[in-house]
Amino acid sequence: MSNDAATATSTTAVDGTQPEHRPEAPTQGLGASLAPADARAKTEGTFPYASDLWAEGLLWAAVLRSPHAHARIVSVDTSAASDMPGVRAVVTHQDVPGDPAHGRSVADRPVFASDLVRHHGEAIAAVAADHPDTARLAAAAIAVEYEILEPVTDPEQAFAAEPLHPDGNLIRHIPLSYGDPEVTGEVIVEGLYRIGRQDPAPIGAEAGLAVPRPDGGVEIYTASTDPHTDRDRAAACFGLEQERVKVVVTGVPGATGDREDGSFQIPLGLLALKTGCPVKLAATREESFLGHAHRHPTLLRYRHHADAEGRLVKVEAQILLDAGAYADASSESLAAAVAFACGPYVVPHAFIEGWAVRTNNPPSGHVRGEGALQVCAAYEGQMDKLAAKVGLDPAELRLRNVLATGDLLPTGQTVTCPAPVAELLRSVRDFPLPALPKDTPQDEWLLPGGPEGAGEPSAVRRGVGYAVGMVHMLGAEGTDEVSTATVKVQGGVATVICAAVETGGGFSTLARQIVQEVLGVEEVHVASVDTDQPPAGPATHGRHTWVSGGAVERAAKMVRTQLLQPLAHKFGMSTELLQIADGKITSYDGVLSTTVTEAMEGKELWATAQCRPHPTEPLDEAGQGDAFVGLAFCAIRAIVDVDIELGSIRVVEMAVAQDVGRVLNPAQLATRIEAGVTQGVGAALTENLRTPRGLIRHPDLTHYALPTALDAPDIRIVKLVEERDVVAPFGAKPVSAVPVVTSPAAIASAVRAATGRPVNRLPIRPQAAVAVAVAGAGG
């Protein structure tokens, strides 16, 4: 296959994970199911994660965190901790030599609280000692006198409450106005929806190692997903030049946004600078829950107007995001929520108001599909209500309204990328339904709750639901997206140097495939990442597939030109008449035929290139503007079985059709989709970090119910639409976020169909599938 994004379109149907009607898959290059280079080490348990780091003379760190959601700090006495044997340093806000605060978009989060505690788990002090138990005992020995204040935990109360922060309680307000506000529809449906707080719940808790440098700087070894930004924030807090702080990325076990928090890294560096010794921090699971950001809990009010045939006329909505104590990624999340509030549907008139506010709840931030997941659950609930009111099949109602290329978003931006939403929805609608479970003892495990669920098969109802979702690709609203990559080839071996962090999205594998495709070199290594390399940006929104992959492709093509030019000159032809395939260089007329290895003999070739997509612009005061580089879409049909007496829910099957642009690695793509759907199942049914009065209840994986392999449904990838986006390198789109966004809405839709209940809250509580259904459902 060519690397160039083609204008021709194709559609690939997939049942399970295997493409139909495809030629034999290549063994290397783009389109091959190349395995990740670290797959064996991770499966055998030999992969060195950040928690495995070690250094001579190592000290251990512990962080003292607030037990209160809101309090005034009267005094902090560290003397008892400092006097403990084995304690080498204690640091508080007084020991921060540079900027006292940091943040993802706004520097509003203190390294250590000084006068006020604004959320449960906020860092007060940190300790370095010669043993981890000593460090934790010393942290617990720090005496803090608090004046407990009444916490503001309801985001609706934040508007009238006293300011919780010098910047105020309102982080951002977006009043989107599109069309005529006086227009009304013949049919109107309203709804109130609540989305809970989902935790990223990383399998490996946060860990890192800080090592002081001879020049007075520090090196931080950690599982960062955006090392250059982390370095810049840390250097500002340390009061050091950026060149004297180095972040080395090590042992990333996978990330969905949870690795972008500086609240673990900055105290670690401060302790290393103060002690002059390497300092390691390995967070407990409780500390992990308390320290990192979570998905924004959201309150959404909707009113949909339609004509008698079910075609949308106007959408009105109010969206309130609970940002917690600090801004973090709330501005970006709100922009996505407001822009996608109507979903991938054509809406002639839209009036959306969105707010992100500070509260004394734990901080919210970037979690895969932020903003888009919350509104998808709400607008699809509205579409189900509308279908019932006009008497249409839910899938048919959606098909009458779906977006297509050339349509306008409510932000006024034209959808220029492929938008095959109708095709995706028809694919899942027409996919064969699974068999009904048999009413026999042998099949009890198929019932909601399993064989110990104590339910009766006669109380089980099956429901079928639909949802279509959308996400944006890359950064938005004027973000300068750029990545730099270097490709070196020597002795038949290629090396890719790029600061794009492999977080499980497959960039390292993609980089190898690109070089194999362009240069015909079989052995390709991807260098480890640190901040001595040029920046590549954060690992979010499919950036590295597009921007970093594009930089690798450009650098590889430059090396290809260097390799082919001498041969072309020798035979009196242009390099365009030479091709590289299967490790061989051949001319169009067959006169020249040699291997890449022979042509490379004695040479060292290298090139550095950048990729920068076309610019975007911020949303204006009316919520209008070309804010997004591109969009990706997904349709899911969910099938659930619900025990209407117990409220138990079993997701039987998820049929997925997705707009992927181009399949670059079939096995990896299927894995990413399946993982995204499973994460969405957790958001739909089990994952809800409860915070009564702002306090995280049960910060552990015993009570925070992640879906396991036993909870994962059958996931059928029924169609992958390969309609290449001509402005994207390779024409590919990101694949992991949009199934996370879409699957909770599809499950909620299926539970509505099974029970007749409105289901307006995620995760779905058992009582939402019981009372009315028991009274009204048939056998």
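Residues numbered from 1 in each chain as written. Predicted model: local features only at pLDDT ≥ 70, side-chain atom pairs only at ≥ 80, totals over all residues. Heavy atoms only, no water.

Participant: Can you help me understand the sheet that holds strand β11 (residues 170–178) in this one?
Facilitator: Across a sheet, paired strands are connected by hydrogen bonds in the backbone, their directions being either parallel or antiparallel. Strand order across the open sheet formed by six strands is β11-β19-β18-β17-β12-β31, with mixed pairing between neighbours. The open sheet terminates on both sides in strands that have one partner only, identified here as β11 and β31 (761–762). Here strand β18 (residues 312–322) pairs with strand β19 (residues 349–357) via nine bridges, running parallel. Bridge pairing links glutamate 316 to phenylalanine 351 in β19. (Pairing = 2+ DSSP bridges. Helix = DSSP H or I, 4+ residues; strand = E, 2+ residues; numbered from the N terminus.)

Participant: What exactly am I supposed to notice about the sheet that holds strand β26 (residues 593–595) here?
Facilitator: The three strands lie next to each other as β24-β25-β26, forming an open sheet whose pairing is antiparallel. Where the open sheet ends on each side, the last strands, each with one partner, are β24 (578–581) and β26. For this sheet the average axis-to-axis angle between neighbouring strands, irrespective of direction, equals 25°. Pairing of β24 with strand β25 (residues 584–587), which is carried by four bridges, proceeds in the antiparallel orientation. Residue pairing for β25: isoleucine 580 is matched across the bridge by isoleucine 585. Contacts between helix α12 (residues 543–570) and the sheet are confined to β24, β25 and β26, with β24 contributing the most and set at about 130° to the helix. (Axes fitted to C-alpha atoms, helices over the stretch in contact; angles between N-to-C directions. Contact = heavy atoms within 4.5 Å.)

Participant: Would you mind showing me how to read the packing of aromatic side chains here?
Facilitator: Any pair of aromatic rings gets described here by the distance separating the centres and the angle formed by the planes. Throughout the structure, instances matching the rule amount to seven aromatic pairs. Ring geometry for phenylalanine 47 versus tyrosine 49: centroids 4.8 Å apart, planes at 65°, classification edge-to-face. By relative accessible area, phenylalanine 47 is classed as buried at 15%. Sitting above the plane of the phenylalanine 47 ring, lysine 42 keeps its charged end 4.8 Å from the centroid. The aromatic ring of phenylalanine 264 is capped on one face by arginine 65, whose charged end is 5.1 Å from the ring centroid. (Phe/Tyr/Trp six-rings, centres within 6.5 Å; stacked < 30°, edge-to-face > 60°. Buried < 20%, exposed > 50% of the residue type's maximum accessible area, 1.4 Å probe, protein only. Lys NZ or Arg CZ within 6 Å of the ring centre and 35° of its normal.)

Participant: Hey, could you run me through the confidence of the model for the protein chain in this one?
Facilitator: The predicted coordinates should not be examined in detail at positions where pLDDT is low. The predicted model of the protein chain averages 89 in pLDDT, with 93% of residues at 70 or higher. A low-confidence stretch, residues 1–23 (pLDDT under 50), is modelled with 60 contacts involving residues beyond four sequence positions or located in other chains. Across residues 773–779 the pLDDT falls below 50, and counting only partners more than four positions away or on other chains, this stretch makes ten contacts in the model. (pLDDT = per-residue confidence, 0-100.)

Participant: Help me out: how do you make sense of the pattern of salt bridges in this one?
Facilitator: Side chains that differ in charge, positive against negative, can pair when their charged atoms come close. Summed over the entire model, instances satisfying the criterion amount to 34 salt bridges. Among the ionic pairs, arginine 104 bridges to glutamate 332, the shortest N-O distance being 4.0 Å. Of this pair, arginine 104 sits in the loop between β6 (101–102) and β7 (109–110) while glutamate 332 sits in helix α7 (residues 330–339); the two residues are 228 residues apart in sequence, bridging distant segments of the chain. One salt bridge connects aspartate 167 with arginine 358, and the closest N-O pair in it is separated by 3.9 Å. In this pair, aspartate 167 is assigned in the loop between β10 (143–148) and β11 and arginine 358 in the loop between β19 and α8 (372–390), connecting sequence segments 191 residues apart. For aspartate 167, a relative accessible area of 46% corresponds to the partly exposed category. (Salt bridge = Lys/Arg side-chain N within 4 Å of Asp/Glu carboxyl O.)

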